[in-house]
Amino acid sequence: MKKKSILIVEDEFIIADVLAGILKTAAYQVCGIADNVIEAREMITAFRPQLVLVDIYLKGKFTGIDLAQTLNELNIPFIYISANSNQKILEAAKVTNPYGFIVKPFRDRDVLTALDIAFYRYENLLESGLRQTAIVQKRAAEILISKQEWELKILEMAKTLQSYLSFEFFSFGMAEENEDAFYELCFSRVGFDEYQLISGTELMVITNLKLHELARLKANDLTVQMATWYEEHELKNLLKANSLKKLYTEKFNLKSHLTLPINLDGKNTCYFNFYSRRPDAYQADDLIFCNRIQTLLTGFMEGMLQHSNSPLGREVNNFTVKSPNLTDNKIKPFSGIIGKSHLLLTVFDHVTQVAKSDSSVLILGESGTGKEKIAERIHSLSLRKDKPFIRVNCAALPTTLIDSELFGHEKGAFTGAHERKLGKFENAHTGTIFLDEIGELPLESQSKLLRVLQEREIERIGGRSTIKTDVRIIAATNRNLDKEVAEGRFRLDLFYRINVFPIVMPPLRERIEDIEDLALHFLSIYSRKTGKTVHGIAPEVMTKVKQYHWPGNIRELENMIERNVLLTKDNVINNMVLPSQLEQHPAFKPADAMVTTMSEGERAHIISALKKCNGKIWGEGGAANLLNLPPTTLNSKMKKLGISKNS
């Protein structure tokens, strides 16, 4: 097998020499050593390494972060080496999307582990990219031969791209030579698989403009020859003058934009324009995807030229389309998850994108945002859907039993091991394991978990042989793992292993438009459970509910609705009882000179809650309920922080 080539970019000769020795011993090929960015770029051109180890601080005016931009353009994976691991440096390095991070001083094993993870992630992304292209190509062929109307074929292609290029508003248009000619077809997303079709006729009604006025606005749009994106600030600068794109952004509250031009038969150019309500929805990876599918889309659109109702290749001055019924009877993959906010729809898009692969997924978000439900959906949409889905609450595992719970034990392995026990990983074989609250695992357990993920095998406690496992990993945490890594509480190599595809669950306070639907959903459930006929919430109460901060997110909202259904004596909830201590959020005040650590602050917060609840942990009125934590999680935190219920 040909050795993998690696370039070392390090300005400390001794460290560079040590790294070269480690790599050669491990059968890697060191294609060169550079001590500055200019020299490194020359070596990259000459040798085209398969991976680059790069220090952040180098000789000369350029840093390793500057070199990372070149490596990203060339699609060459890289790992940072640095003697500094503080939060500021990690944040700056994170923006460049490295494949790993080695902190000096390092051991041979640290370097080899980082390389293993980097090549794993890179190959995973390559495989994912090929899979994405194949999926889009297959779907494009199906759309072309279908008997749908021309407009619906455009929608179907947009929906196919939705999983990879999220949008809340999509427009398809032609570059018109005639200033009075106008053709635009738009789709506004109103649900996971629901879109409102907006043709020229509907656009005139929405904007109160005539067709020729829309055409003049379109003529003011900046034309581009290659795919590009604009985040919020760039988009505002781009759209200072009146134009059709400015009209879209103002009417539909759009904040970022990606445009993908498609050149047809050397004569016409059409545009796939994606817009989002998130200010930074599009990134460099999206352009890589656009470049990968551009030829495919050109073929698709040239096929669309043959459609009997195609407006391409002819002048269109007044295009009218009868809005078809865009609903269908397909199975709804996210039924049971309530909400249509653009942030939640983006989560759904990410789930559909990653579900069919075996990539590790890391679900991030505050407690009560629904991370477990999303993990369940990933599994149910995956190729492993008929295999086991095993849940593990890492925070609830006693430290002394973590290894036994995860990896199992043999009979007699320790006192009390009266029979063989299979661990969670064995139970999940061929299926999915969901490691909830993974940030709560102690460092020793993190190390053992990493070894299992790397070797794809486990060893029961007291066992004498290893057992191969085929398990997909989905992890979740409410902790800021970047900060945990920077402060030494979470292993960097494990973080890079599980963070292949992150999904961020938005807090409820950022999904205000979903609160009413959620509240009414829970109202229906608990009215039925209690046998009451509570069928609504007064408008002024709903306003109050929407203004509340919801620190406990959806779980807190559900508890509140249940409590108020029990309390109300009417058919409509006319007064919502919210926690008085959380209703008002005082303005930020500077911290005292004596700054406590995060652990000290958390300890004080838990002790305060226990005192208010007279030491009660479980059940209604208990500290776990007040803090919006699962009781098992609270117990775990109390043990870790040395808190007794009578503290």
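Below you will find a few notes about this structure. Just so you know, these numbers come straight off a predicted model, no measurement behind them.

Criteria and cut-off values
Along every chain, residues carry numbers that run from 1 in the direction the sequence is written. Predicted model: local features are reported for residues with pLDDT of at least 70 only, side-chain atom pairs are reported and counted for 80 or more only, and whole-chain, interface and lining totals are derived from all residues. Calculation of side-chain values draws on the structure's entire complement of heavy atoms; hydrogens and water are dropped beforehand. Helix and strand assignments come from DSSP, with helices taken as H or I runs of at least 4 residues and strands as E runs of at least 2, each series counted from the N terminus. Contacts were defined at the residue level, with two residues in contact if any of their heavy atoms lie within 4.5 Å. For the accessible areas, the method is Shrake-Rupley and the probe is 1.4 Å, while residue cover comes only from the protein chains on display. The rule is short: rings of Phe, Tyr and Trp, with Trp giving its six-membered ring, pair when the centres are within 6.5 Å, and they are stacked under 30 degrees, edge-to-face over 60, tilted in between. A 1.4 Å probe rolled over the protein chains alone gives each residue an accessible area, and that area as a share of the maximum for its type sets the label: buried under 20%, exposed over 50%, partly exposed in between. Placement of a positive charge over a ring is assigned whenever Lys NZ or Arg CZ falls within 6 Å of the ring centre and within 35 degrees of the normal to the ring plane. Side-chain atoms within 4.5 Å link the members of a nonpolar core, which is a set of buried Ala, Val, Leu, Ile, Met, Phe, Trp, Tyr and Cys residues. The rule for pairing is simple: two strands pair if DSSP sees at least two bridges between them. Each axis is a line fitted through C-alpha atoms, taken for helices only over the stretch in contact, and angles between the N-to-C directions span 0 to 180 degrees. Salt bridge, as applied in this entry: a Lys or Arg side-chain nitrogen positioned within 4 Å of an Asp or Glu carboxyl oxygen. Each patch is built from salt-bridge-free residues with over 30% relative accessible area, joining like charges within 9 Å and nonpolar side chains (Val, Leu, Ile, Met, Phe, Trp, Tyr) within 5 Å. Under the convention used throughout, the expected extent of a helix is 1.5 Å for every residue step, that is, one less than its residue count. Each C-beta atom gives one direction from the helix axis, and the arc is the one those directions make.

With that settled, consider the overall build of the protein. Along the protein, the regular secondary structure elements total 25 helices and 20 strands. Taking all contacts inside the protein whose residues are at least 6 apart in sequence as the whole, residues at least 24 apart take part in 70%. For the protein, the accessible area works out to roughly 31700 Å², and carbon and sulfur atoms hold 52% of it.

As enumerated under the stated definition, the model contains 26 aromatic pairs in all. Here F192 and F334 contribute two aromatic rings whose centre-to-centre distance is 4.7 Å and whose plane-to-plane angle is 75°, an arrangement assigned as edge-to-face. Here F192 is found in the loop between β7 (184–191) and β8 (194–198), whereas its partner F334 is found in the loop between α11 (284–304) and α12 (342–355), with 142 residues between them in sequence. Accessibility expressed as a relative area gives 21% for F192, which makes it partly exposed. Residues F407 and F425 carry aromatic rings whose centres are separated by 5.8 Å and whose planes lie at 35° to one another, so their mutual orientation is tilted. Of the two residues, F407 sits in helix α14 (residues 402–407) while F425 sits in helix α15 (residues 424–427), which places them 18 residues apart along the sequence. A residue is classified by how much of its surface remains accessible, and F407, at 7% relative accessible area, is buried. According to the relative accessible area criterion, F425 is buried, its value standing at 1%. Above the face of the Y120 ring, R497 is positioned so that its terminal group lies 4.2 Å from the ring centre.

Turning our eyes to something else, we now look at the nonpolar core. As a rule of thumb, nonpolar side chains are buried together in soluble globular proteins. With 52 residues, the main nonpolar core has Y80, F425, I433, L435 and I498 as its most contacted residues. The leading source of residues in this core is helix α18 (residues 492–498), at five residues. Core analysis: the second largest hydrophobic core is formed by 40 residues, M157, A227, L258 and I262 among them.

Here we take up the sheet that holds strand β18 (residues 501–504). Pairing is parallel in the open sheet, where five strands are placed in the order β13-β14-β17-β12-β18. Pairing within the sheet leaves two strands with one partner each, and these edge strands are β13 (389–393) and β18. Ignoring which end each strand starts from, the neighbouring axes of this sheet average 20° apart. As paired elements, strand β14 (residues 432–436) and strand β17 (residues 472–477) share four bridges and run parallel to each other. Of the residues in β17, the one forming a bridge with T432 is R472. Helix-sheet contacts for helix α13 (residues 371–380) involve β12 (361–364), β13, β14, β17 and β18, and the interaxial angle to β12 is about 155°.

Enumeration according to the criterion identifies 35 salt bridges in this entry. The salt bridge partner of K448 is D403, with a shortest N-O separation of 2.3 Å. With K448 in helix α16 (residues 443–455) and D403 in helix α14, this residue pair connects regions lying 45 residues apart in the sequence. We note a salt bridge from E516 to K546, for which the minimum N-O separation is 3.3 Å. Taken together, the residues E516 in helix α19 (residues 512–530) and K546 in helix α20 (residues 539–547) connect sequence positions 30 residues apart. You can call E516 partly exposed: its relative accessible area is 34%. We classify K546 as partly exposed; its relative accessible area is 29%. Through salt bridges with shared partners, a single network forms among K138, R139, E142, E156, K159 and D193.

Attention now moves to unusual backbone geometry. That bond from K104 to P105 is cis: its omega, -5°, falls within 30 degrees of zero. By secondary structure assignment, the location of P105 is in the loop between β5 (101–103) and α5 (108–145). We note that N253 has phi near 55°; this positive angle belongs to a residue other than glycine. Overall, N253 belongs to the partly exposed group, its relative accessible area being 47%. In the Ramachandran plot, R456 falls in the positive-phi region, its phi being about 55° despite a non-glycine side chain. Relative to the assigned elements, R456 resides in the loop between α16 and β15 (457–458). The exposure class of R456 is partly exposed, given its relative accessible area of 42%.

A separate point is the pairing of β8. Here β7 runs beside β8; their pairing, made up of five bridges, is antiparallel. Along β8, the bridge assignment pairs F187 with L197. Where β7 hands over to β8, the hairpin turn is made up of two residues, counted between the paired strands.

In this section: the pairing of strand β3 (residues 51–55). Within β3, five of the five residues are buried, which leaves it mostly tucked inside the rest of the structure. Residue alternation in β3 divides its side chains into two sets, L51, L53 and D55 and V52 and V54, and both sets are buried. Relative to β3, strand β1 (residues 5–9) is paired through four bridges, and the arrangement is parallel. Bridge pairing in β3 links I8 to L53.

On to the sheet that holds strand β10 (residues 256–264), then. Reading across the sheet, the six strands line up as β8-β7-β6-β11-β10-β9 and stay open at both edges, with antiparallel pairing between neighbours. The open sheet has two free edges, formed respectively by β8 and β9 (228–230), since each of these has just one partner strand. Neighbour to neighbour, the strand axes of the sheet diverge by 20° on average, direction disregarded. Two elements, β10 and strand β11 (residues 268–276), share nine bridges in a ladder whose sense is antiparallel. Counted as the bridge partner of L258 is F274 from β11.

With that settled, the discussion passes to a nonpolar patch on the surface. There is a patch of nonpolar side chains on the surface, built from F13, I14 and V18 and spanning about 360 Å² of accessible area. Positionally, V18 belongs in helix α1 (residues 13–25). When its relative accessible area of 40% is taken as the criterion, V18 is described as partly exposed.

Turning our attention to helix α10 (residues 244–251). Along an α-helix, residues three or four apart share an orientation, since each turn contains 3.6 residues. Of all the eight residues making up α10, six are buried; the element is thus mostly covered by neighbouring parts of the structure. Burial in α10 covers these residues: L244, K245, K246, L247, Y248 and T249.

Positionally, E455 belongs in helix α16. What makes E455 partly exposed here is its relative accessible area of 43%. When the C-alpha positions of E455 and T469 are compared, they lie 9.1 Å apart, and in sequence the two are 14 residues distant.

It is worth spelling out α1 at this point. In a regular helix each residue adds 1.5 Å, so 13 residues correspond to 18 Å; α1 covers 18 Å between its end C-alpha atoms and thus fits that length. Listed as buried for α1 are I15, A16, L19, A20, I22 and L23. On an axial view of α1, the arc spanned by its buried residues comes to 165°, and they lie on one face. Away from its buried face by more than 90 degrees, α1 exposes F13, I14, K24 and T25. Just downstream of α1, A27 is the residue with a positive phi angle, here 75°.

Everything listed here is a matter of coordinates, which is why it stays silent on function.
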